[in-house]
Number of protein chains: 2
Amino acid sequence: MTDLLKIWGERLRSEGYRLTRARRAILEALAAGESHMTPEELHRQARRRHRSLGLVTVYRTLALLEKLNLVQRVHQGALSCHSFIAVRLPTGHHHHLVCRTCGRVEEFPDCALDDVLRRLQARTGFAIESHHVEVVGRCPECQ
Amino acid sequence: MTDLLKIWGERLRSEGYRLTRARRAILEALAAGESHMTPEELHRQARRRHRSLGLVTVYRTLALLEKLNLVQRVHQGALSCHSFIAVRLPTGHHHHLVCRTCGRVEEFPDCALDDVLRRLQARTGFAIESHHVEVVGRCPECQ
DNA sequence: ATATTAATGAAAAATTTTTTCAATAAGGCA
DNA sequence: TGCCTTATTGAAAAAATTTTTCATTAATAT
């Protein structure tokens, strides 16, 4: 996890952003989180490291991290549209397998979906640019 | 499209809900829409049929229709978490292919995904219950 | 150390969604 | 048909969420 932090820090720097105390606290909370968190929840967590952290900064930082692809939103049907989770698989495209009970999120790679998409593209004439997959179930512990 | 309306009406009735003027207006707007709409947009459209329709009723009706699986939310990354579109493929599971430019939504069936999910389930130990796929691209007209 | 300027936090504003409640109208039934 | 019951509605208010503004702070290059 410390590894993740370092990588993220470097990434921010290399993009010309400053690595502030507020951002560090938010990144740490994200890296520690096993489950997706709303801005509010993330704020609560991150404040354990940085007491005076404002919720506004959480919103701003999430927007930044989302732009840089360091976090991803978690969608499931109606809910959780505004929950975020750290992106851990650094290489390539991946998706989320979310536990309905404990909220734990597992990343899984893209494999085998390409085929489906290629056929879809051929059949519909759409120029496919991106896709988003989310799978919900119960993790081994929660079953 | 008129067909769709009739089916929806019957479905509401059979579930014990009343087919009111407000709901009819909302259903018509949804059935006519080629693209996903936010509650606000839907309200604007539906009011052309029913002038005094309140936005609250749109929210309530969407919640109901979502519960009955007559509409689905459209997600794409950060945006559109709160946009809805009518479910047209009546049988079985399907997903959305969304045009980035004009917002048009095409439904496509589930085929070939089952395999991917079966393998995922075997590998992770999750009991997979549902999934959500959304593909974004540009439709033939918009390319 | 200092200067530059991006980033922060607080407050206010804007936006979105939900709740409350009295009035209305849908659908069943005589 | 016309009445009765009760789900549904719309308006207003409240709650929740997100964004903007702006003076202050602190991260980084020098």
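Residue positions are given per chain, counting from 1 as you read along its sequence in written order. Following the order in which they are written, the chains are lettered starting with A and the ligands numbered starting with 1. Where local features are concerned, this predicted model is filtered to residues with pLDDT of at least 70; where side-chain atom pairs are given and counted, the filter is 80 or more; whole-chain, interface and lining totals use all residues. Each side-chain value is worked out from all heavy atoms of the structure, with water and hydrogens disregarded.

## Comments concerning the overall build of chain A
Argument step 1. Of the regular secondary structure elements, chain A holds five helices and five strands.
Argument step 2. For the purposes of this entry, the term helix denotes a DSSP run of H or I that reaches at least four residues, the term strand denotes a run of E that reaches at least two, and both are numbered from the N terminus. Scanning chain A from its N terminus toward the C terminus, one meets helices and strands in the order α-α-α-α-β-β-β-β-α-β.
Argument step 3. With the principal axes as the frame, chain A shows a C-alpha extent of 55 × 40 × 25 Å.
Argument step 4. Every one of the 143 residues in chain A was classed for burial, and the buried ones make up 48%.
Argument step 5. Within chain A, contacts between residues at least 6 apart in sequence are counted, and of these 49% link residues at least 24 apart.
Argument step 6. Only carbon and sulfur atoms are counted for the fraction: they give 49% of the accessible area of chain A, which is about 7,700 Å². Accessible area is worked out with a 1.4 Å probe on protein chains only. A residue is then buried under 20% of its type maximum, exposed over 50%, and partly exposed in between. Contacts are assigned to residue pairs with any non-hydrogen atoms lying within 4.5 Å of each other. Areas reported here follow the Shrake-Rupley algorithm with a probe of radius 1.4 Å; residue values treat only the protein chains shown as occluding.

## Quick word on the protein's contact with DNA strand D
Argument step 1. In this text, near means that some heavy atom of the residue lies within 4 Å of the molecule or strand in question. Close to DNA strand D lie 21 residues; A:Leu19, A:Tyr59, B:Thr20, B:Thr57 and B:Arg60 are nearest.
Argument step 2. In DNA strand D, atoms within 4 Å of the protein come from the sugar-phosphate backbone in 65% of cases.
Argument step 3. In this structure, B:His50 approaches DNA strand D through a side-chain N or O atom, which is 3.3 Å from a phosphate oxygen.
Argument step 4. When residues of the surface near DNA strand D are traced back to their parent elements, those giving at least two are helix H4 (55-67) of chain A together with helix H2 (21-32) and helix H4 (55-67) of chain B.
Argument step 5. Grouping the amino acids of the surface near DNA strand D by side-chain chemistry returns seven nonpolar, seven polar and seven charged. Pairs of N or O atoms are called polar contacts if they sit within 3.5 Å, as long as, within protein, a hydrogen donor faces a hydrogen acceptor (for residues adjacent in sequence, only side-chain-to-side-chain pairs). Each residue is assigned to one class: nonpolar for Ala, Val, Leu, Ile, Met, Phe, Trp, Tyr, Cys and Pro, charged for Asp, Glu, Lys and Arg, and polar for all the others, Gly among them.

## Regarding the packing of helix H2 (residues 21-32) of chain A against helix H3 (residues 39-46) of chain A
Residues and elements named next belong to chain A.
Argument step 1. Between H2 and H3, the least distance of the axes is 9 Å, while the angle of their chain directions is 105 degrees. Taken together, the axes of H2 and H3 lie roughly perpendicular to each other. In this structure, H2 uses Ala25, Ile26, Ala29 and Leu30 to contact H3, whose residues at the interface are Leu42, Gln45 and Ala46.
Argument step 2. Taken together, the residues that form the contact of H2 with H3 break down as six nonpolar, one polar and no charged. A fitted line through C-alpha atoms represents every axis, and for helices the fit uses only the stretch in contact; the resulting angles, taken between N-to-C directions, go from 0 to 180 degrees. An angle counts as roughly parallel when it lies under 35 degrees, as roughly antiparallel when it exceeds 145, as roughly perpendicular when it falls between 65 and 115, and as oblique in every other case.

## Digging into the relation of the copies chain A and chain B
Argument step 1. Least squares is the method for superposing the copies, and the C-alpha atoms it fits come from residues with pLDDT of at least 70 in both. When chain A is brought onto chain B, the operation consists of a screw motion whose angular component is 180 degrees and whose axial shift is 0.1 Å, with 0.1 Å RMSD remaining. Each copy turns onto its partner about a two-fold axis. When each C-alpha of chain A is compared by its distance to the rotation axis, A:Val133 comes out closest, at 2.2 Å.
Argument step 2. The share of interface residues of chain A whose copies in chain B are also at the interface is 100%, consistent with both copies meeting through the same surface.

## Topic: the pairing of strand S4 (residues 105-109) of chain A
Argument step 1. Strands are treated as partners if at least two bridges between them are detected by DSSP. Bridge count for strand S3 (residues 94-99) of chain A against S4(A) is five bridges, and the pairing is antiparallel. Of the residues in S4(A), the one forming a bridge with A:Val98 is A:Val105.

## Description of the side chain of A:Arg104
Argument step 1. Within the secondary structure, A:Arg104 is located in the loop between S3 and S4.
Argument step 2. Here the side chain of A:Arg104 touches A:Glu106 through a polar contact of 3.0 Å, side chain to side chain.
Argument step 3. Beyond its immediate chain neighbours, meaning those up to four positions away, A:Arg104 contacts A:Glu34, A:Ser35, A:Leu97, A:Val98, A:Cys99, A:Cys139, A:Glu141 and B:Phe126.

## Describing the protein's contact with DNA strand C
Argument step 1. By nearness alone, 20 residues border DNA strand C, and A:Thr20, A:Thr57, A:Arg60, B:Leu19 and B:Tyr59 come closest of all.
Argument step 2. Sugar and phosphate atoms represent 66% of those atoms of DNA strand C found within 4 Å of the protein.
Argument step 3. A distance of 3.2 Å separates a phosphate oxygen of DNA strand C from a polar atom in the backbone of A:Gly54.
Argument step 4. Between DNA strand C and B:Arg13, the relevant distance is 2.9 Å, taken from a phosphate oxygen to a side-chain nitrogen or oxygen of the residue.

## Concerning the packing of H2(B) against H4(B)
Residue and element names in this part refer to chain B.
Argument step 1. Axis separation between H2 and H4 bottoms out at 10 Å; the angle between their running directions is 70 degrees. Put simply, H2 runs roughly perpendicular to H4. Relative to H4, the crossing made by H2 is right-handed. Across the interface between the two elements, Ala22, Arg23, Ile26, Leu27 and Leu30 of H2 pack against Thr57, Val58, Thr61, Leu62, Leu64 and Leu65 of H4.
Argument step 2. Here the residues of the contact of H2 with H4 sort into eight nonpolar, two polar and one charged. By convention the crossing between two helices is left-handed if the near helix lies anticlockwise of the far one by an angle smaller than a right angle, and right-handed if it lies clockwise.

## Examining unusual backbone geometry
Argument step 1. Phi at A:Asn69 is positive, roughly 65 degrees, even though this residue is not glycine.
Argument step 2. As for its position among the elements, A:Asn69 is in the loop between H4 and strand S1 (71-76).

## A word on the interface of chain A and chain B
Argument step 1. Taken residue by residue, the interface counts 41 residues in chain A and 41 residues in chain B.
Argument step 2. Both faces combined, the contact of chain A with chain B buries some 3,200 Å², and carbon together with sulfur accounts for 65% of it.
Argument step 3. In this description, buried area is defined as the sum, over both parts, of the accessible area (probe of 1.4 Å) that is lost when the two are combined. For the chain A face of the interface with chain B, the top three residues by lost area are A:Phe126, A:Glu129 and A:His132, together amounting to 19%.
Argument step 4. Each salt bridge in this description consists of a side-chain nitrogen of Lys or Arg and a carboxyl oxygen of Asp or Glu lying within 4 Å of one another. At the junction of chain A with chain B, the criterion picks out two salt bridges.

Nothing here speaks to function; it is all geometry.
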